[in-house]
Amino acid sequence: MIDLELLREDFAGTKNKLVTRTIPEDLDSFPNLDSRRKEIIVELESIRANKNSLGPEIAKAKKEGRDVSALLSSLKNSGDREKELAAALSEIEAQFEDLQLRIPNLPDQSVPQGKSSEENVVVKEWGTKPTFSFSAKAHWEIGEALGILDFESAALLSGARFSLYRGDGARLERALIAFMLDQHRQNGYEEIIPPFLVTADTMTGSGQLPKFEADLFKTNSTERTLYLIPTAEVPLCNMHREKILEEDLLPIYYTSYTPCFRGEAGSYGRDVRGLIRLHQFQKVELVKITNQETSWDEHEKMTRNAEGILEALGLAYRRVLLCTGDMGFCAAKTYDLEVWLPGQNGGEYREISSCSNTCDFQGRRTKTRYRPKAGGKPKFVHMLNGSGLAVGRTFLAILENYQQADGSVIIPEVLRPYLGGQERIAPAL
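Since the model is a prediction, treat every value here as computed from it, not as a measurement.

Please explain the packing of aromatic side chains as it appears in this structure.
Two numbers describe a pair of aromatic rings. These are the distance of the centres and the angle of the planes. Under the definition given, this model contains ten aromatic pairs. On the numbers, 5.0 Å between centres and 85° between planes, the contact of Y165 with F395 is edge-to-face. Here F395 lies in helix α12 (residues 391–401) and Y165 lies in the loop between α6 (151–158) and α7 (168–186), a separation of 230 residues in the sequence. Judged on exposure class, the residue Y165 and its partner F395 are both buried. When the ring of F329 is compared with that of F361, the centres are 5.6 Å apart and the planes differ by 80°; the resulting orientation is edge-to-face. One end of the pair, F329, is in the loop between β8 (317–321) and β9 (333–341); the other, F361, is in helix α11 (residues 361–366), with 32 residues separating them in the sequence. Look at F361 and you get buried, because its relative accessible area is 0%. Every member of this aromatic cluster is reached through a ring pair, and the members are F11, F30 and F96. Positioned above the aromatic ring of F96, the side-chain terminus of R8 is 5.7 Å from the ring centre. The side chain of R319 reaches across the aromatic face of Y335, ending 4.6 Å from its centre.

Given below as structure tokens:
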């Protein structure tokens, strides 16, 4: 969440920074709410000061044998008014918290202004796009022909937007997960296996609630409601919630493989075939917790860590700096990595990783702080997250980029040790 002091000090200027982002419809109520809150606090303090003075005065009057009925009536009236104001203040504070939780992060000044993906900026391209002597096929055609993807069985089991991997397909998916985790461990990330079901407080801390309620799957238990995680970012950035860390512990690097569950609300009719947009998919996530001074350097390093996976696999990609209107709710700055898919619409780039610096946005939501080595008050940590990578999309990128004329798929060399030296996935004879 953003610091409310920014809205208090310069409401118009802060709102203007959010002009291309999706802001709450009731944001303009903030100044009046804030003014009313201050009025209530001033009156409450006055009443409490009056009550504090009435106590000794009543005691003195009783000692002197004077009539204290008026004083007792005044004390009662003050008490009744205090309860009334306290209730009003509590209601306003709840409105403040609700509003604050629905305001997106402020974009960094280096982020280009824009309303849609059309205004994103390509900052880097890497690799050579493959050429074929035949018409490149889409991954769902390749996978079904090889017998390694079975969308029909997945639909029978669970409905639309699910996948089922078979044989070498399941082995390739598992190899990708192991390869990615091993690479990230070498880059200093601690591997975590978190719970896949989390509380509403955890979802709120990472920024999924209240804004993305419609996109989440949740349990219907009579005991308590738990949510299936849409990404490992959710539990990882909550691991130090409500704690004060010593600065010497920072930066903290976490990596995690998890299944991810998303309702894909609002995506009707988009990417209905294949592995691009599913309700359940695999992802290897990267999360960093840093001090406020080094987070931008760590953002660049994290993005390079994700790029390193694509480069090791020999997959052409580009890095895209997202504009203000295309960034996620929590992000202050985001790089998308887009992999080349030759079987999609004659060839196109598609997102395979987003690497974001949320600055202190998630630190505030999770109340995670650190104690500076130089002394002074604790500060909110900066949190960063990135896909390292989306496993299913990496799988499909391999199928499309390494497809052969005979219907087989070459396995990238770095993955072969994870597959017992296997060099290709070939059609059954």
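How should the packing of α7 against helix α10 (residues 295–312) be read in this particular structure?
The description of two helices packed together rests on the angle between their axes and the distance between the axes. Where α7 contacts α10, the two axes come as close as 10 Å, and the packing angle between them is 130°. With respect to α10, the element α7 is oriented oblique. The two elements α7 and α10 cross, and the hand of that crossing is right-handed. Side by side, α7 and α10 meet where F179, M180, Q183 and H184 of the first sit next to N305, I309 and A312 of the second.

Explanation requested: the sheet that holds strand β12 (residues 379–380) in the structure shown.
The pairing of strands in a sheet comes from backbone hydrogen bonds and takes either a parallel or an antiparallel form. Ordered by their spatial adjacency, three strands build an open sheet running β5-β11-β12, and the pairing between neighbours is mixed. Each of the sheet's edge strands pairs with one partner strand only, and the pair in question is β5 (244–246) and β12. In terms of strand pairing, strand β11 (residues 369–371) meets β12 through two bridges, oriented antiparallel. In the sheet register, R369 faces β12, and the bridge partner there is F380.

Got a minute to help me understand α7 in this structure?
Along an α-helix, a turn takes 3.6 residues, which lines up residues three or four apart on a common side. The end-to-end C-alpha distance of α7 is 27 Å, a good match for the 27 Å that 19 residues give at a rise of 1.5 Å each. Burial in α7 covers these residues: G169, L172, E173, A175, L176, I177, F179, M180, L181 and H184. Taken from the residues just after α7, G188 is the one with a positive phi, measuring 100°.

I tried to follow the pattern of salt bridges on my own but got confused; where do I start?
When the charged atoms of two side chains with opposite charge come close together, those side chains can pair. Tallying each qualifying case throughout the model produces 34 salt bridges. Of the charged contacts in the structure, one is a salt bridge between R364 and D3, with a shortest N-O distance of 3.4 Å. With R364 in helix α11 and D3 in the segment before α1 (4–9), this pair connects stretches of sequence that are 361 residues apart. A residue is classified by how much of its surface remains accessible, and D3, at 25% relative accessible area, is partly exposed. For the salt bridge of R319 with E300, the shortest nitrogen-to-oxygen distance reads 3.1 Å. Of this pair, R319 sits in strand β8 while E300 is found in helix α10, placing the two residues 19 residues apart along the sequence.

Rules used in this analysis
- Residues numbered from 1 in each chain as written.
- Predicted model: local features only at pLDDT ≥ 70, side-chain atom pairs only at ≥ 80, totals over all residues.
- Heavy atoms only, no water.
- Phe/Tyr/Trp six-rings, centres within 6.5 Å; stacked < 30°, edge-to-face > 60°.
- Helix = DSSP H or I, 4+ residues; strand = E, 2+ residues; numbered from the N terminus.
- Buried < 20%, exposed > 50% of the residue type's maximum accessible area, 1.4 Å probe, protein only.
- Lys NZ or Arg CZ within 6 Å of the ring centre and 35° of its normal.
- Axes fitted to C-alpha atoms, helices over the stretch in contact; angles between N-to-C directions.
- Parallel < 35°, antiparallel > 145°, perpendicular 65-115°, else oblique.
- Left-handed = near helix turned anticlockwise from the far one by under 90°.
- Contact = heavy atoms within 4.5 Å.
- Pairing = 2+ DSSP bridges.
- Expected span 1.5 Å × (residues − 1).
- Salt bridge = Lys/Arg side-chain N within 4 Å of Asp/Glu carboxyl O.

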